[in-house]
Amino acid sequence: MSPGGAPVPMVRAVVLNWNGGRYVLDAVAALQATDWPADRLQVVVVDNASTDGSDREIEARFPAVDLRRSPTNVGFPGNNLGLVDLDGIDHVALVNNDAFVEPDWLAPLVDTLVADQGLGAACPKMVFAPRFGELTVTAPRHPVDGDPRPLAVRISGVEVDGVDRWRHSWFGPGSHGPETGRDPEPRFRWLGPEASLGLACLDGAGVGARARVRLAAPNPVPVHLAWPGGGVTVEVGPRPTWVDVAVAGGLFDVVQNAGSLVLEGGFGADRGFLQRDDGRFDEPVDVFAWCGGAVLLRSAYLAQVGLFDERFFVYYEDMDLSWRGRARGWGYRFVPRSVVRHLHATSTGEGSATFDHYVERNRLAMLTKNAPRPLVLRAVGGYVRAIAGLAKVDAVTSLRRRRPPRFVNPRRRLGSLAAYVRLLPHLLVQRRALRAAATVSDAELVAWLQPRSVHPF
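Residues numbered from 1 in each chain as written. Predicted model: local features only at pLDDT ≥ 70, side-chain atom pairs only at ≥ 80, totals over all residues. Heavy atoms only, no water.

K.L.:
Give a detailed account of the sheet that holds strand β13 (residues 194-201), specifying residues and quantitative values.
P.N.:
The five strands lie next to each other as β10-β13-β7-β15-β16, forming an open sheet whose pairing is antiparallel. Each edge of the sheet is formed by a strand with only one pairing partner; in this case those strands are β10 (170-171) and β16 (230-236). Where strand β7 (residues 131-138) meets β13, eight bridges bridge the pair, whose relative direction is antiparallel. Considered in β13, the bridge of Thr136 is made with Ser196. (Pairing = 2+ DSSP bridges. Helix = DSSP H or I, 4+ residues; strand = E, 2+ residues; numbered from the N terminus.)

K.L.:
Can you lay out unusual backbone geometry for me, pointing to particular residues and giving the numbers?
P.N.:
Each neighbour pair has its own omega, and for Asp183 with Pro184 the value is 10 degrees, a cis peptide bond. Within the element layout of this structure, Pro184 appears in the loop between β11 (175-180) and β12 (187-191). A positive phi angle is found at Asn19, which is not glycine, with a value near 50 degrees. Note on placement: Asn19 falls in the loop between β1 (11-17) and α1 (21-32). The backbone of Tyr316 shows a phi angle near 70 degrees, a positive value even though the residue is not glycine. Considering the arrangement of structural elements, one finds Tyr316 in the loop between α4 (299-305) and α5 (317-327). The buried category is assigned to Tyr316, whose relative accessible area is 11%. (Buried < 20%, exposed > 50% of the residue type's maximum accessible area, 1.4 Å probe, protein only.)

K.L.:
Residues and numbers for the environment of Pro148, please.
P.N.:
Among the structural elements, Pro148 can be located in the loop between β7 and β8 (153-160). Between the C-alpha atoms of Pro148 and Arg298, which are 150 residues apart in sequence, the distance is 49 Å.

K.L.:
Which residues make up the packing of aromatic side chains, and what values go with them?
P.N.:
Under the criterion given, the structure shown has twelve aromatic pairs. Ring geometry for Tyr315 and Phe355: centres 5.0 Å apart, planes at 75 degrees, overall edge-to-face. Here Phe355 lies in helix α6 (residues 353-370) and Tyr315 lies in the loop between α4 and α5, a separation of 40 residues in the sequence. We classify Phe355 as buried; its relative accessible area is 17%. (Phe/Tyr/Trp six-rings, centres within 6.5 Å; stacked < 30°, edge-to-face > 60°.)

K.L.:
Can you tell me about the side chain of Asp320, naming the residues and giving the values?
P.N.:
Examined against the element boundaries, Asp320 turns out to sit in helix α5. For Asp320, a relative accessible area of 0% gives the class buried. In this structure, Asp320 is in contact with Asp309, Phe312, Met366, Lys369 and Asn370, ignoring residues within four places of it in sequence. (Contact = heavy atoms within 4.5 Å.)

K.L.:
Summarise helix α2 (residues 54-61); cite the residues concerned and give the values.
P.N.:
Within the span of α2, buried status applies to Ser54, Asp55 and Ile58. All buried residues of α2 fall inside an arc of 105 degrees around its axis, so they share one side. For α2, the exposed residues lying more than 90 degrees away from the buried face are Arg56 and Ala60. (Arc of directions from axis to C-beta.)

K.L.:
Residue-level account of the environment of Leu364, with values.
P.N.:
Note on placement: Leu364 falls in helix α6. Through-space distance from the C-alpha of Leu364 to that of Leu417 is 8.6 Å; in sequence the pair is 53 residues apart. Once you skip the residues sitting within four places of it in the chain, Leu364 turns out to touch Ala379, Val380, Tyr383, Leu417 and Tyr420.

K.L.:
Which residues make up the pattern of salt bridges, and what are the values?
P.N.:
Taken as a whole and judged by the stated rule, the model has 28 salt bridges. The residue Arg131 makes a salt bridge to Asp253 at a minimum N-O spacing of 3.2 Å. You can see Arg131 sitting in strand β7 and its partner Asp253 sitting in the loop between β17 (241-246) and β18 (255-257), a full 122 residues away along the chain. Given a relative accessible area of 14%, Asp253 falls into the buried group. Arg187 is the salt-bridge partner of Asp164, the closest N and O atoms lying 2.8 Å from each other. Taken together, the residues Asp164 in strand β9 (residues 163-164) and Arg187 in strand β12 connect sequence positions 23 residues apart. Look at Asp164 and you get partly exposed, because its relative accessible area is 43%. Since its relative accessible area comes to 32%, Arg187 is described here as partly exposed. Overlapping salt bridges bring together Arg12, Asp66, Arg68 and Asp85 as one network. (Salt bridge = Lys/Arg side-chain N within 4 Å of Asp/Glu carboxyl O.)

Interpretation in functional terms is not warranted from these geometric data alone.
As structure tokens, this is what we get:
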């Protein structure tokens, strides 16, 4: 019984696993260490036909876990195997197999749902799994022909304690987006005249860890690298150079998701994405949608609205289910006292062909099912124009370089569009049913749309 005499809510936590390796073991262990009565918390792992043996390892190390195997990899909707039998379950949590809950994560979410029966979901603050050591890079602006951005130097490598931490590093204000190049810089980012970076500390690394970054510039320039309590100035030129730096001072967290947004054009986005966790996201607030990486859902909400659309496979299935609930009058609230740490995009990898295909296809599918017709038409039309624009740029660039155009990006996007068209008959049938059941007007839903400028990408 709770202190007030009411029964403690029964909670199920569902972890979807596909080749989660050691991370899924850590995720399950963290869930079992939750500060909640053991007899009121079930842990279910749905295995999506893993081939790395992680399902067998879970079975051996966690005998109390309910392991449910899917015969094939059905993507994120595999969570449905853990959601179909919720009799006696008050609330159900979804936790990624690379997400690690803090011991006190659950109670604030349950308290939020108990206090407001109109809420279908309570969203924790998701921060990136590493903690970060602060590094500032300062260099003279270095104009590059045809590029209007404020550029200074390129960064193409980050190591902490001898381990490559490029993909887990934080590239903050003053950093530009990822680009691809040739050896020895197959991946790099341009940094502006003053850029803030975060050195990712994982696997026990922390203050005092040895670190280094690899920098280059079109012409030799002095570059100053500063960290709390220290710094160094080096000359950097066309040949990429490793520079030793230090992890010092207090480590900080970076937000991945503080509830989910829908932007103009129907793009789903993480509220607070890539922002330092410096107090700006410490207040509870109602949000348009929840993120499936970590969330607590009311069972009654799922009973009314339904489960994940199995045709989506991966990406936007949580936004689709959120929108469906919003149209039926359900609300969602961000609860910052609940914290979950997450290793971002370890399954498909942002920027991969798989990521791009499903993000593009499923955004159009989600809007077709749920959004007002004008928004759907603008989104599809904008996507077609974007494909044409990419093809034109590729053709012009190829002519200048005197090589045949390859149209890699336009072909990829055309593939997503073709896949969307194949889904269209099914989507239109769903749309009619969803709009017939809606109790909230389009105007109220569209009012949630945020300008693209609120999100860094």
